[in-house]
Amino acid sequence: MPTAHLPTGHRMATRPRAALAMAPDAADGILDAGSLAALAELTELAPLPALTDLTTARARRVLADTELLITGWGCPSIDERVLAIAPRLRAIVHTAGSVRGHVGSACWERGIEVSSAATANALPVAEYTLAMILLANKGVLESARDYRAARAREHWQYAGPGQGNYRRTVGVLSASLIGRRVIELLRPYDLEVLLYDPYVSGNEAAALGVRATGLAELFALSDVVSVHTPLLAETRGLVSRELLAALRQDATLINTARGAVVDQDALTEALLAGRIRAVLDVTDPEVLPPDHPLWTCDNVLLTPHIAGSQGAELRRLTDLAISEVRRWARGDTFAHRIAPDRATFLA
């Protein structure tokens, strides 16, 4: 049943009752003394620790009068059973990106308002991607490897005209939150940026400062292809053997989205053949088996899903979540509200 909303601009007479629900390590990373004090000032915050199981006796007591749930990585699913013991729940503020893992159809059907820190989490992923694009075009990883092996400047071969970041072509696969931030960060550089996104028109792409292309064209023309599409039924294996074969010799594939968007076997074959290069922050599976050949392949840089918010960057997520709690507590609409029909597309 739909839930009534406070009129915009109407301050609540009392502080809303709130609770935290996330894994212990997420709570340790997101919540310091200052952020907890800020939340306690804005809400009647249930005592720590954060809820990790929404069906326990303690969870039942806390959720009985909780109006606002502040969630993080590792939050259990908020389904019909949970909502039955949380009759006053009206809003969820997520301190990370995607809410697909814990906000289900029952929440949308009740009319619960949902906010996410996906916008804040998009920035470090885009920054990681920018760095890897520039390093890949410059041939830095290969140069460092070869220089270390030679241990002498005399044996060094300077790069040919195929390397460098002047007038190179970067293909962005999907104008997602992260894809758009990557496009924004690439603007100061002398690069041509192509975009494939079936939901973005040519005029919209031009407004972003990029050129819209077909999927096959994106792979055929780009020196670097960066994958930013969410993993959906229709995008699983989207980067196929045929598209990988269309990449230029020594082109680089960067994947910070989800490993299963790429045909992992086909990518492995192309990398082992030495035809292309890759920067993979995600793989399928994640983590690769210990004997997988990519662990020792010179043509790939593997990182352990670190492109998203890490260390000091977690504070950005916390700050955004606190600002959303502040808005909601005074009766305003979330600045980063997730519409039910868009929740699926948050990777």
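Predicted model only: the values in this text are computed from it and were never measured.

### Concerning the overall build of the chain
Here is step 1 of the chain: Looking only at helices and strands, the chain has 13 helices and twelve strands in total.
Here is step 2 of the chain: With the C-alpha coordinates aligned to their principal axes, the bounding extent of the chain is approximately 70 × 45 × 35 Å.
Here is step 3 of the chain: Burial analysis of the chain (347 residues in total) assigns 50% to the buried set.
Here is step 4 of the chain: Counting only contacts in the chain whose residues sit at least 6 apart along the sequence, the fraction spanning at least 24 positions is 67%.
Here is step 5 of the chain: With an accessible surface of roughly 16,500 Å², the chain has 53% of that area assigned to carbon and sulfur atoms.
Here is step 6 of the chain: Side-chain charges in the chain split into 35 positive and 39 negative, and the spacing between the mean points of these groups amounts to 5 Å.

### Notes on the packing of helix 6 (residues 118–138) against helix 13 (residues 314–329)
Helices that pack against each other are described as a pair by the angle of their axes relative to one another and the distance between those axes.
Here is step 1 of the chain: Interhelical geometry of helix 6 versus helix 13 gives an angle of 160 degrees and a closest axis separation of 8 Å. Regarding the angle of helix 6 to helix 13, the classification is roughly antiparallel. Here helix 6 runs over helix 13; the crossing is right-handed. Contacts between helix 6 and helix 13 involve Ala120, Asn121, Leu123 and Pro124 on the former and, on the latter, Arg316, Leu317 and Leu320.
Here is step 2 of the chain: Here the residues of the contact of helix 6 with helix 13 are counted per class, giving five nonpolar, one polar and one charged.

### A closer look at the sheet that holds strand 2 (residues 44–45)
Here is step 1 of the chain: Strand order in the open sheet formed by five strands is 2-1-3-4-5, and the pairing between neighbours is parallel. Looking at the sheet topology across the chains shown, the edges are occupied by strand 2 and strand 5 (113–116).
Here is step 2 of the chain: Here strand 4 (residues 91–94) runs beside strand 5; their pairing, made up of four bridges, is parallel. Pairing of Ala91 across the sheet is with Glu113, part of strand 5.
Here is step 3 of the chain: Packed onto the sheet, helix 13 meets strand 3 (68–71), strand 4 and strand 5 and runs at close to 160 degrees relative to strand 4.

### What about the packing of helix 2 (residues 33–42) against helix 13?
Here is step 1 of the chain: Axis separation between helix 2 and helix 13 bottoms out at 10 Å; the angle between their running directions is 5 degrees. Relative to helix 13, helix 2 is oriented roughly parallel. Taking contact as the criterion, the partners of Ser35, Ala38, Leu39 and Leu42 in helix 2 are, on helix 13, Arg315, Thr318, Ile322, Val325, Arg326 and Ala329.
Here is step 2 of the chain: A class-by-class count of the residues in the contact of helix 2 with helix 13 yields six nonpolar, two polar and two charged.

### Description of the sheet that holds strand 9 (residues 224–227)
Here is step 1 of the chain: Taking strand neighbours across the sheet as the criterion, the seven strands line up as 8-7-6-9-10-11-12 in an open arrangement whose pairing is parallel. For this open sheet the edge positions go to strand 8 (211–212) and strand 12 (300–302), each flanked by a neighbour on one side alone.
Here is step 2 of the chain: Two elements, strand 10 (residues 252–255) and strand 11 (residues 277–280), share four bridges in a ladder whose sense is parallel. For Leu253, the partnering residue across the bridge sits in strand 11 and is Ala278.

### Quick look at helix 6
Here is step 1 of the chain: Helix length check: helix 6 (21 residues) gives 30 Å between terminal C-alpha atoms against 30 Å at 1.5 Å per residue, within 8%.
Here is step 2 of the chain: By the criterion of burial, helix 6 is predominantly enclosed, with 16 of the 21 residues buried.
Here is step 3 of the chain: A positive phi of about 70 degrees marks Gly139, the residue just after helix 6.

The rules behind these values
Residues numbered from 1 in each chain as written. Predicted model: local features only at pLDDT ≥ 70, side-chain atom pairs only at ≥ 80, totals over all residues. Heavy atoms only, no water. Helix = DSSP H or I, 4+ residues; strand = E, 2+ residues; numbered from the N terminus. Buried < 20%, exposed > 50% of the residue type's maximum accessible area, 1.4 Å probe, protein only. Contact = heavy atoms within 4.5 Å. Areas by Shrake-Rupley, 256 points an atom, 1.4 Å probe, with all protein chains shown as cover. Lys, Arg positive; Asp, Glu negative; His and termini not counted. Charge placed at Lys NZ, Arg CZ, Asp CG, Glu CD. Axes fitted to C-alpha atoms, helices over the stretch in contact; angles between N-to-C directions. Parallel < 35°, antiparallel > 145°, perpendicular 65-115°, else oblique. Left-handed = near helix turned anticlockwise from the far one by under 90°. Nonpolar A, V, L, I, M, F, W, Y, C, P; charged D, E, K, R; others polar. Pairing = 2+ DSSP bridges. Expected span 1.5 Å × (residues − 1).

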